[in-house]
Amino acid sequence: MKKISKHQLFVLVMMEQIGSTNLWALGIEARQDAWLVILFSMLPGCALIWIFTELHRHFPNDNLAGLTTTLLGKAIGWPLAFLYVLLGLFNSTRNANEFTELLNMTFLQRTPSSIVLLLFLITLVYISFLGVENFVRLTEIILPFMLILISLIYVLILASGRIDLQQLTPVLENGMMPVLKASYPTVVNFPFGMSLVLFQFWHFANDQKSVRKVTLTAAIFAGIILTLTQVTIITTLGVDLAAGSALPILRVVKLISISDILTNFDALGIFLIFIGGFYITAVHMFSASMLLSTLFRIKDYRWFILPLAAFVFWYSGVYEPNYPFHVKFLPAQSWQQFVPLYDAAPILLLLIFWLKKYNAGISK
């Protein structure tokens, strides 16, 4: 069996948590308190991670498909696991289409979006065929560069004199209610709740006892980075411009100018867009293929990669015709998938496990 170390698990979780979330103005519905939305969402987000890892602790050799079929039986567990396959495919499609559109709008205006998407998926298929271990090793290389670039953006925008801390005031102008509304379900689950997708990777860890600690630590670090990013976006652009921007972090990058000499850092934005989109799409594609391999009892999940990529290529054009459609229906999709499949289902699965364990104890 392939194994990943604690350090590799940490970078895997960090990349999954930061991924594309670093590009957006998360929680901007709370206006200047958006950064507080991230901090507040970390608590219930970490509670969800505790639930996920508690399930994993009792089923350390299973992915979600193995967990649901073992705990609920084939009649209920198999269809539920297949729902998670569809969820992985749906999120792969959303992310692939989203970042294809963003690259097409910002840097590759004259290139047909279908060509950009095709090249994107060919790269993804190639990386997926190299296997989980090589994918994680690639993550070990990419994450430090990504963190350095994010830090560089912070430093350069500060040196450009664009930061205005007054944009963060007044703090909690309308109380906690806007922060609470902005936190759930979107920010609690995106990114924290979406760590459920890592259930397909946790059983590869060579130190099973460290899974929860490593995952929670990485999620907290990612939350701090996301908080700093939201502070940077709001203090640089202001609330209204941040809320109206399709890609606020790119607007921040475009404002970097030190003495009119150090300018045009758009390459930083290109890197963050491509890596964020590629990584999140790859994780969900891996997840869907691993679940299918368990459900259909096929040992090598890579048999499913190519057909899934072909489906994503077709479905991305059918489901989401353009980027405005993508943005408009995101809140509705948050309730459709986050609440039932990322929140309610894992909680119910853990309760069912506890009840079965309790009843087994009584019967003895």
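Whatever comes next refers back to the structure up there.
This text gives an overview of the structure that appears in the document. (Residues numbered from 1 in each chain as written. Predicted model: local features only at pLDDT ≥ 70, side-chain atom pairs only at ≥ 80, totals over all residues. Heavy atoms only, no water.)

**Section: the side chain of Thr53**
This is how it is decided: For helices the rule is a DSSP run of H or I covering at least 4 residues; for strands it is a run of E covering at least 2, with both sets numbered from the N terminus onward. Each residue is placed in one exposure class: buried if its accessible area under a 1.4 Å probe, protein chains only, is under 20% of its type's maximum, exposed if it is over 50%, and partly exposed if it falls in between. In what follows, residue pairs with any heavy atoms lying within 4.5 Å of each other are defined as contacts.
Along the chain, Thr53 falls in helix 2 (residues 34–58). Under the relative-accessibility criterion, Thr53 is labelled buried at 3%. The residues touching Thr53, leaving out its near neighbours within four places in the chain, are Trp202, Val211 and Arg212.

**Some details on the packing of helix 1 (residues 6–18) against helix 12 (residues 266–295)**
The test is simple: Whenever a helix is involved, its axis is fitted only over the stretch in contact; in every case the axis is a line through C-alpha atoms, and angles between N-to-C directions fall within 0 to 180 degrees. Should an angle fall under 35 degrees it is taken as roughly parallel, and over 145 as roughly antiparallel, whereas 65 to 115 is taken as roughly perpendicular and any remaining angle as oblique. Two helices crossing with the near one rotated counterclockwise from the far one by less than a right angle form a left-handed crossing, whereas a clockwise rotation gives a right-handed crossing. Note on residue classes: Ala, Val, Leu, Ile, Met, Phe, Trp, Tyr, Cys and Pro are nonpolar, Asp, Glu, Lys and Arg are charged, and everything else, Gly too, is polar.
Running from amino to carboxyl end, helix 1 crosses helix 12 at an angle of 115 degrees, the nearest separation of the two axes being 9 Å. Relative to helix 12, helix 1 is oriented roughly perpendicular. Viewed along their axes, helix 1 and helix 12 form a crossing whose handedness is left-handed. The residues of helix 12 that touch helix 1, namely those facing Leu12, Met15 and Glu16, are Ile275, Tyr279, Ile280 and Val283. Tallied by class, the residues present in the contact of helix 1 with helix 12 amount to six nonpolar, no polar and one charged.

**Observations concerning the nonpolar core**
The test is simple: Here the nonpolar core consists of buried residues drawn from Ala, Val, Leu, Ile, Met, Phe, Trp, Tyr and Cys, with membership extended through side-chain atoms lying within 4.5 Å.
Formed by 117 residues in total, the largest nonpolar core has its most connected members in Leu9, Leu12 and Tyr84. Broken down by element, this core gets its largest block of residues, 15 residues, from helix 12. If sequence neighbours within four positions are ignored, Leu12 has contacts with Ile4, Phe135, Val136, Thr139, Leu198, Phe201 and Tyr279. Membership of the second largest hydrophobic core comes to six residues, among which are Met42, Ile49, Phe192 and Ala219.

**Concerning the packing of helix 1 against helix 9 (residues 211–237)**
Two quantities define a packed helix pair, namely the angle between the axes and the distance from one axis to the other. Helix 9 packs onto helix 1 with a crossing angle of 40 degrees between their chain directions and a minimal axis gap of 8 Å. With respect to each other, helix 1 and helix 9 are oriented oblique. Like other packed secondary-structure pairs, helix 1 and helix 9 cross with a definite hand, here right-handed. Along the contact surface, helix 1 presents Lys6, Leu9, Phe10, Val13, Met14, Gln17 and Ile18, while helix 9 presents Val211, Val214, Thr215, Thr217, Ala218, Ala219, Phe221, Ala222, Ile225 and Leu226. Grouping the amino acids of the contact of helix 1 with helix 9 by side-chain chemistry returns 13 nonpolar, three polar and one charged.

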